[in-house]
Amino acid sequence: MSSHVLFNTLKELTLDEFEDFKWYLQKPDIMADYKPIKPSELEKAQRRNTVDLLMKTYNLQEALMVTKMILEKMGRNDLVLKLSNICSGSGVSCPPSKRGLLQDTGVSKEWKTATSPAKTKTQLESLLEDLGLEHHSKEKLSLSKTLQIDKRTITDEPAKCNSDLPWYFLKKLMMVNVTARNVKYTSVCEFTCKTASDIDFDGLFDSLHSGDMLNPLDIVTALFLCSDGFVQQEMALKMSMCQFSVPLLLPNCDTKQCTLMLWALRDIVKKYRPQSLSESKGFIEDRIVVSELPMISFVRLGECSLSKSKILNELLSNSQQYHDTFVHRNMECGDSPRRISDGLVEITWYLPRGNKNMDIFSEPVAVANLRGDIGSFETQFSFLCQTSAAVFVFFDNLDSACKLLIKQRHNAQIFLVGNLQSTHSNRDALKKVATELGLTTSNILLKVKHMNDADFVKNLQKKVSDVVDNSKMKMQIERMADIAHEVGILVDEDCPECQTAKENADAITAEIQDILKYKEDELPLQGQIWKELTCLEKEEFRLRKVRSENIEMYKSDLQVQKTKLRKRQNSYDMSNKMMCFINAISSPGIERCYFLKWMRMNLDNLSREKLSGLREQYKKKSKDSENKEEIKEIDRQLSNSSLGTEHFFREMGQIYEASVSLPETDPSRRQLQHLPKLCARLLLDGFPLELVDGDASNIPLTWVGDILSQLNDLVSPKNKILVVTVLGVQSTGKSTLLNTMFGVQFAVSSGRCTRGAFMLLIRVNENVKKVLNCDFMVIIDTEGLKSPELAQLDNSHEHDNELATLVVGLSDITIINIAMENSAEMKDILQIVVHAFLRMKEVGKKPKCQFVHQNVSDVSAHEKNLRDRKLLLQHLNEMTQAAAKMEKKEENKSFTDVMEYSPDTGNCYIPGLWNGNPPMAPVNAGYSEAVYELKKNVIRTLGRCGSSANNILGFKEWMASLWNAVKHENFIFSFRNSLVADAYMRLCTEFNKWEWEFKKEMYSWVTQAETGISNFGTVAGKSEAFDLKALLTHLKSEACTVLSEWETKLLDNLEQYFKQTEGHVYLVEGYREDFANSAKSLRREIENSVFNQLTAATDIRQGMTELDRIKENHTKQLEDRVRGLIDECRKKKVKMTDDELGKEFDKMWTRTVNELSFSKQKATNVIAIVAYYLRDNLSRKGSHACELLSQKELKDCGLEPFKYTTEGLKEWLKHKVSKLFNNGDHAMALQKLADSIIHACTQFVSEKMERQNDYHDTYIQEILHMIDERLQNINDVKIDIVFEVSLKQHICGAAAKQFQKMHEDFIHVNDPYRCLIQNKDKFRADFKDVFHERDQCQKKAEEFTNCCLMPAVEDFANRTLGPDIIGEMLTSQQFSNRMDCQYSILLDLLSKDDFKNYHSYIWSYEVYVKKWILDQIVKHFSSGSATFEFEDRCLLSSISSINNAINKAKTQKSGSLKTFVEVVCRELGDKLVISQDALGAFMILNNADQEQFAHWLTECVKDMAQALRVKFKKTHIEMKLENLHVKPQNELFTQLIGCGKQCPFCKAPCEAGGKEHTKHFTSLHRPKGLGEFRWDGTEKLVTDICSSSVNSDTRFRCNATKGEWYPYKRYREIFPDWDITPDASLQASDYWKYLLARFNNKFAKAYKAEPAEIPATWKALESKHAEASLKKSFNTK
C-alpha cells in the first residue's frame, strides 16, 4: 500500500472537511503521543502536499493511524472502514493505538493488538458490513421496512458511501426505475483550478481505478440474502418489470450453498402472444413459474474474452430496442470485481408479441446465465444441464475442462461457443471435447477473425431459435424444485411456514370449479342478501319510494326488512372454507402472510383461467348477432367471475356485522369479536383493506370501523395519518401509478380492474415525521370512474359521484388522472370531481388536488401544454359554476374559490409506462422519474398541511359520517359529522369563555360607573366633572374605549384560535366570519345596554340631587335648632332629666317642622309616557295600527290574562286554513308565542322593580325592543297587526301600572318630610348625649358602621356575586356551550320521565329552561360553601378598602370628625355607595373625638365582617339569588339560548354558536307531532321527522309558502337561513321517537288531537336507546 491510498482518502473530504482535517493535525492535545505538524507548513497545503507532510513526519503505519484517528473524530467512519479494508487487503500491519485513542467500535476492532486478534471476517460478512446490512443477515429485511417513507425516499441526495447503495437501489427499484442498477456512489471531490504545470498525474491515474466500487450483482445478491421472502418476491417482480434478469439460483459464498428462488419468482405474471395466436389476436397470461417453457442456459468455462452477458443482451434485443437485461463489464461498475455473486444463476424471459417482423424468437423462452466459472460451480452447472433445453458453454481454452463437460448428466443439448480471435484458443482441445461429447458442427459456434459482433449475435440467435422451435425439453420452474433437491440445492419454498400456508390455501381453493357457484355456496352472506341490505340502507336515507306514505312508518318497515335480512345471514352456518380461512389468518405472523399470498396467487390463477375461457366464448358468440341473450349471460359472468382474497374478507365482514346484530351475550357474537383485530394486524403487515365493496357499492361501516379501532389500539399513541387517493377513468393506470409511487402492490393483473376502494398503510420513518406530522400514510386506490360495466346501469353516474365524494372527502390530497385528448370524458370526470371538492369545502375540509396527465412524453410538455392548462382551468371553472348551482352554493364562481389550485404547480405530465413495445419493453425511466417528482410534490404538499393530520379514530369517524352523508343524497350534500361537531363545540366553548370575559369586565365597569354616578355630588364623589351631563359624556366615551379594546381582543382571540394546528380547527373555518360578526354584534348589544344603564343612572341621580339638597337643608336647620336648644337648656343651669329633655326636644321639633317648607313631590304620569312610546313604536306600522291602538285606553290594558281569539269570518277562515296546512292551530301557536313574550317582559319588569330605583324611559324602550325582536324571529306563524297591537297593549299596559307604582314608591321612600320624621328618635338621642356630654365615639362608630358601611358592603356583594355565580356555572361542562346545555337538559328530562316536564319544555321552552338553569344553580350552590367563598372574597376586599380609607383619614390630622368621615367616604367612593340619608343623619350632633372614633370604627368594622360572614352563611341560595343585581339564570339563558330561533317544522331550538350566525341548525330534530302538526282529515299527530322529510319527496305548506305545496327538499328556498341536515345515523332521533311513543296519548290530549300512529320499531325503543341517541347526536362519549 502506497501513499496514493491516503491521497484518495483525502480526496473524499469536502473542502470544509479537509480544512478541519488540517486543523486536527496541528493540535497537540488531539494528536496525543503523535507529533503535531506545524501550522505554517499546513497553511497553504493542498491534499497532495498534506499527504507528503504525513509521510515525511510519520512512517506509513503511523500516517495511516493518525489519518484514521482524525477521520473517526470527524465522524467519517465510512472512510475509516474503507482504509481498514484496504489495509487488511494489502497486508499492512497496523500498530495498536498508544493511548486508546480509537474506541472499541466496529471500525476499530481490526486494530487490536496481536495478543487479542480480531476474528477474520468472511467475504460475505465483510461485504454486508460495507453495505451496512450486517444486521439483516439474521433479522431479514421486511416489506414494511422497505416501503416505509423515509428521508431517502423523498430526497435526491446521491449515495455517498457503500452503506447508502442498497437503499438507493431499493428506492429506485420499488419505483420500477431502470437506472436502479447504476449503483456507483458519488465522491465529493475538490475542484480547484490549476495551471498546466500543476497537473497531478499520479492522482489522475489513481482515480481511474474502480477497485473501491461495488459490482451491482453483489448488491443484488446481498439484498436477496438479507431479505425475507416477501421482499424477495417484490424485488423479483419489480426487476422483471424493468426487464432485469432475476436470481434463479442464489449463492451463499460462506456456506457454499445455493437456493432455488421459486417463491421469489412466483408473483411474476407475463403476457405474450406466440406465433400460433397472432392471427386470432389472442394472448397467453400466466405465472412464469408454472409456464412450460424451454430454458436456454449460458455458462462460462475458464477464462473467456467474450462478454457473455453483453452478448446475451444483444441476443435478446432487436435492432430498434436494445436493453441491458444482464449486468456486463461495460456497464457502470460492471467491471468491479464480484465479491459474493459468483455462482449466481440469473434468469430472464424472451416473450414474443406475435409480430414476425419484430419477434426474435417466435415462441417464449427462458434464458439463464451462470456467473463465474463452471469449474468452481459444478452444482449449478449440473442443475442447468438437467433443466435446460440447451446449454451454451463460452470458452477460450478447453484444455483443463474436458472431464467436467463429459461427466455431467445432460438432458440438455450442449453448444460450445468459442472466440478464435483470442490468443488462448486451442483448436485441438476443441476437437477432442466435441468428439467426446458427440457434438456436430451445428453445436459449435465460433467467433472467427473478421467477424463482427452483430454477425456473431445473429448466428447465436439462429442456434437458439432452432433449439426453441425444435426442443421437446420444456420445464416449469415449479418442477425444477425436484431436480434442485437431487443435486443438493435448497428451495426457498421448503420452509415449514410456507408449506403449511400452501396446504391451507390449497385446501380452500383446490376444489373450485365454478366460481359463481362457489361464491354462492361458500360465501353466501355477501351475495344477494348484502346487496339487498345496501339498497335498504340507501333507501332509508334517500326515501325515494316513500310516495304518500307516513315517512317514519315507511322507515320502520325498512328497518324491519333489514332485521329480517340480518336474521337470514345469521341463519347460515359458517362454511368450512371460511372456517379454514379464518383459522389460517389467525396463525402466527409469517405463516399468515404466506397464506394470504398463496391465496391471492391461487385465486388469481383461477380467475385468469375462467376469464380467459369466457373471453374466448364471448369472441366466438359475438360473431353472430343472433346470440344476444348468450352474449348477455357471458357478459354477466365476466363481471362476476373474479374471485380474490377480498371476497373472503368481505364475507368475514358480513359474518361479523351479522353477529353484531345479535345480543351481546350470544356465544356466536362473542366468538367473532377477535376478527377486527386480525384484520388490523394484516393492515400493519401491509395487506390492503377493502373500504368500499365494489360489487354492492357500500361500506360495511361496523366492520371497517371496528378494524380501524383495533388498529388504533395497536399503534397508539403513534396514530396520526395522512391520506392520498387517486381518481380517474377506468384502465388509465391509477393502480400502477400508486404502485410506482409507493412501491406497493395494488392488484393490476388478472384482467380485472379495481372494484370499490382499497386502503393500504405505509409507515413513516422518524426522520420524516417532523416534516409530515404523521405516523402513517394511508394510500387509497379506487375503481375507475365511467366504468363500461357500470355505464349500462341507470345509477352509474350516482355510483361515480358517491365514490368520488367519499375518496375526496377522506383524502388530504387527491391525485386526479385525466386524459386531455378526450374532452367529453374529461368534462364528465371533472364534473364529478368538482362536485366532490365543493361538498368538502362546505364541511370545512380542504383537500389538495394534483392533476396527472399520462402518456405525455415531450420534454417541452409543460410549456406546450400551457394552453391546455388554461383550457383545463376554464373547464374547471365551468364545472364549478354548474356544480355550485346544483349544490345551491352559487357564491363559488371559479375552481380556485373551492380550493387552492395553481395551473402551473397543480399539473404533472407523465410519459408512457413502457419504453418500447411490451412484453419485452422495460418500464420507461422517464415514467419512473416523473412519478418520483409527483411523489415528492405530493409529500411536500402534505408537509404543508400536515398540521391537519387525523388520527385513526378521527379518520374512522369522518369516514362513517361522510358515507352516511353520501347515502343521504347524491347531490345535495350537507353534513355535520362528529369531527366537525367536536371542532364546532370547541370553538363555541372558547367563544363562550371570551364572551363571558367581555361581559364580566363590562359588568364590573358598569358597576363602578354606576357607583360613581350614585356618589356624584356627595362627599364620596370623586369625579372631576362639573355636572352630571359632563360625567355622562365622559363615561360614555370611556365605555366606548373599553368596548373597542374588548372587541379587538375578541377578534384577536378568534384569529389566534384559527392559527392553531390542533383540534381540527380547519373544519370550522367556514364559521369564522359568523363568530367575528357575533363579536361585533355583542359589542353593539353591550354598548346599547351600557349606555341605557348609564343614562338611567344619571337621570335618576339628577332627580335625587334636588331632593338631597332639600334633605341636607332641612337637616342643617334642625341641627342648628337642636344646638340652640342645648345652649338654652344649659343656660337654665338646672339639672334636667331625660324626660324633661325629651319634652323640650319634642316642642322644638314640632315648631321647626311646621316652619320648614315641604313641597310634596309630584308623581309623573308613567302610564302616559308608556302610551307615548307605544304609539311611537306602532306609528311605523301604518294607520291601521294607530286606529287599533286608539280603540282601547292603555290603563285598561293588561288587567286580564292575555287571550288571543279568532274573531269574524276572516279570522275563522284563517283558523281553518292553518289547520289544513298541518301547522297546528294558528290561534294556539300565536297564544304560545304571546305567552313566551309576556313571560320575558314580566320578568324584566320584576327585575327593575326589585332594584327599587325610580322609573326611567329606557325601561319601556327596552321592553318594546324585546317584543319586536322576538316577533321578527318568528317565520312559521303569520303575525298580523291585530295580534301585534293587542299584545303590545297588554304588555305595556301591565308594565305601565307596575312602573307607575315603582315611581310612586320611589317618591314616597325619598320624601324629605318622611326621611326627617324617620330620623326623629335618633336626633332626640343624639341631643341628650350632647347635652350630657357623653362619649359618643363607640356609639357613633357603631352607627356609622351599621347604617352607612354595612348596607353599602352588602349592596357591593349583591352586585358582584351574580357574575361570580355565572362564571362558576360556566366552568361546568353542561354550561360550556349551547349543545352541552341542550344535551344536559334533555338527559335530565329523560331521567325524570315526567310528561308535564316534557310538555313544559316543548310548550314553554324559555320558562322551562330558565327554571332548569335556576335549579342547577341552586343544586350547585346548595351547600353554600361556593357562594360563601365568593362573598367572603368580596367582603375581604371591602374590609381592606375600608381599613385603608380609615388609615388614610388618620394621617390627615384635621381634628374634625366631619373631615375624617368625608375622607373615609371619598376613599370608598369608587367601590361603595353610602346612603346619603344615613350619612346625613350620622353627621348631626356628632361631637365624637376623631382618634377615639377611628379606634372604635376599626373595631366595629371587624365586628361587621364577622356579622356579615354569619349572615352570608345562614342565607339560603334562593334568597341570595333574589337580591342579586345580575340574575345568573337570565344571563346563562341568554348566553346559552343563542339566537332563539326554532326549527320551522319541529320547533327544536337552534344550537349555532354566536348570535350572528348565518345558518341555524339543531343536533336533534323531533317528530313534527310534538310541534302540534297533525294530519289533515284524521287529526292524528304527525310522526314524520323533518330531518327525514327534507330528504324525501314529500311536500309541505305553511304561512311562509302562502298556502302553496312545496317539496321538503327545497325547504331552503322558503327558510334559507335554516340548515336541516339529514340524520347522521338512523338512530339519531330515537330520543324523541321514544318520547312520543311513551306519551302519545298524553300529547294528543294536551294538543286536542288524535294519538299518532306509532311505527313498530318505535315501540321497541327503551330509555337506554333514547340516551344512546342523545350521546350520538351531541357527540358525547
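A quick note: this is a predicted structure, and the numbers were derived from the prediction, not measured. (Residues numbered from 1 in each chain as written. Predicted model: local features only at pLDDT ≥ 70, side-chain atom pairs only at ≥ 80, totals over all residues. Heavy atoms only, no water.)

**Q** Account for the side chain of Lys999, naming residues and giving values.
**A** Along the chain, Lys999 turns up in helix α43 (residues 978–1015). A relative accessible area of 8% places Lys999 in the buried class. Engagement of the side chain of Lys999 in a polar contact is seen with the side chain of Glu1531, the distance being 2.8 Å. Other than its neighbours up to four places away in sequence, Lys999 contacts Leu1082, Ile1086, Glu1531, Thr1534 and Gln1535. (Helix = DSSP H or I, 4+ residues; strand = E, 2+ residues; numbered from the N terminus. Buried < 20%, exposed > 50% of the residue type's maximum accessible area, 1.4 Å probe, protein only. Polar contact = N/O pair within 3.5 Å; in protein donor to acceptor, adjacent residues only side chain to side chain. Contact = heavy atoms within 4.5 Å.)

**Q** Which residues make up the sheet that holds strand β7 (residues 365–373), and what are the values?
**A** Reading across from one edge, β10-β9-β8-β5-β7-β6-β1-β2-β11 is the order of the nine strands in this open sheet, with mixed pairing throughout. Of all strands in the sheet, those with a lone pairing partner are β10 (444–447) and β11 (490–491), marking the two edges. Relative to strand β8 (residues 390–395), strand β5 (residues 295–301) is paired through six bridges, and the arrangement is parallel. Each residue of the ladder has a partner; that of Phe298, found in β8, is Phe392. In the packing of helix α16 (residues 308–316) onto the sheet, contacts are made with β5, β6 (345–350), β7 and β8, and the angle to β7 comes to roughly 170 degrees. In the packing of helix α20 (residues 453–470) onto the sheet, contacts are made with β5, β7, β8, β9 (413–419) and β10, and the angle to β10 comes to roughly 170 degrees. (Pairing = 2+ DSSP bridges. Axes fitted to C-alpha atoms, helices over the stretch in contact; angles between N-to-C directions.)

**Q** Explain the packing of aromatic side chains residue by residue, including any values.
**A** Per the counting criterion, the structure on display carries 46 aromatic pairs. When the ring of Phe998 is compared with that of Trp1046, the centres are 5.8 Å apart and the planes differ by 10 degrees; the resulting orientation is stacked. A residue pair is termed long-range when its members are at least 10 positions apart, and Phe998 in helix α43 and Trp1046 in helix α44 (residues 1028–1057) qualify at 48 residues. Owing to a relative accessible area of 0%, Phe998 belongs among the buried residues under this scheme. Arranged with centres 5.3 Å apart and planes meeting at 75 degrees, the rings of Tyr1401 and Tyr1405 form a pair that is edge-to-face. The exposure class of Tyr1401 is buried, given its relative accessible area of 1%. (Phe/Tyr/Trp six-rings, centres within 6.5 Å; stacked < 30°, edge-to-face > 60°.)

**Q** Any details on the pattern of salt bridges? Residues and values, ideally.
**A** Evaluated as defined, the whole model comprises 66 salt bridges. Arg371 serves as the salt-bridge partner of Glu346, at 2.5 Å between the closest nitrogen and oxygen. Here Glu346 is found in strand β6, whereas its partner Arg371 is found in strand β7, with 25 residues between them in sequence. Here Glu346 and Arg371 have matching classes, each one buried. For the salt bridge of Lys999 with Glu1531, the shortest nitrogen-to-oxygen distance reads 2.8 Å. Residue Lys999 is found in helix α43, and its partner Glu1531 is found in helix α64 (residues 1528–1537); the two are separated by 532 residues along the sequence. Connected through salt bridges with shared partners, the residues Asp267, Arg287, Lys597, Arg600 and Asp604 form a single ionic network. (Salt bridge = Lys/Arg side-chain N within 4 Å of Asp/Glu carboxyl O.)

**Q** Provide a residue-level description of helix α29 (residues 645–660), including the pertinent values.
**A** Each full turn of the α-helix corresponds to 3.6 residues, which orients residues three or four apart in the same direction. Taking 1.5 Å as the rise per residue, α29 with 16 residues should run 22 Å; its terminal C-alpha atoms sit 23 Å apart, in good agreement. Within α29, 15 of the 16 residues are buried, which leaves it mostly tucked inside the rest of the structure. (Expected span 1.5 Å × (residues − 1).)

**Q** If you had to explain helix α47 (residues 1166–1178) to someone new, which residues and values would you point to?
**A** Here α47 is 13 residues long and its end C-alpha atoms lie 18 Å apart, about the 18 Å a rise of 1.5 Å per residue gives. If you check which residues of α47 are buried, you get Val1166, Val1170, Ala1171, Tyr1173, Leu1174, Asn1177 and Leu1178. Mapping the buried residues of α47 onto a view down its axis gives an arc of 165 degrees, with all of them on the same face. Those residues of α47 that are buried are in contact with α48 (1183–1190), α51 (1257–1272) and α52 (1281–1309). (Arc of directions from axis to C-beta.)

**Q** Residues and numbers for the environment of Leu1361, please.
**A** Tracing the sequence through the fold places Leu1361 in helix α55 (residues 1337–1370). Judged by relative accessible area, which is 2%, Leu1361 ranks as buried. Along the backbone, Leu1361 and Phe1430 are 69 residues apart, and their C-alpha atoms lie at a distance of 6.6 Å. Beyond its immediate stretch of four places on either side in the chain, Leu1361 contacts Thr1427, Phe1430, Glu1431 and Leu1524.

**Q** So what's going on with the packing of helix α25 (residues 551–571) against α29? Residues and values would help.
**A** Taken N-terminus to C-terminus, the directions of α25 and α29 make an angle of 120 degrees; their axes are 9 Å apart at the nearest point. As α25 packs across α29, the resulting crossing turns out to be left-handed. Where α25 approaches α29, its residues Arg566, Gln569 and Asn570 are matched on the opposing element by Gln654, Glu657, Ala658 and Ser659. For the contact of α25 with α29, the class distribution of residues is one nonpolar, four polar and two charged. (Left-handed = near helix turned anticlockwise from the far one by under 90°. Nonpolar A, V, L, I, M, F, W, Y, C, P; charged D, E, K, R; others polar.)

Everything listed here is a matter of geometry and, on its own, says nothing about what the molecule does.
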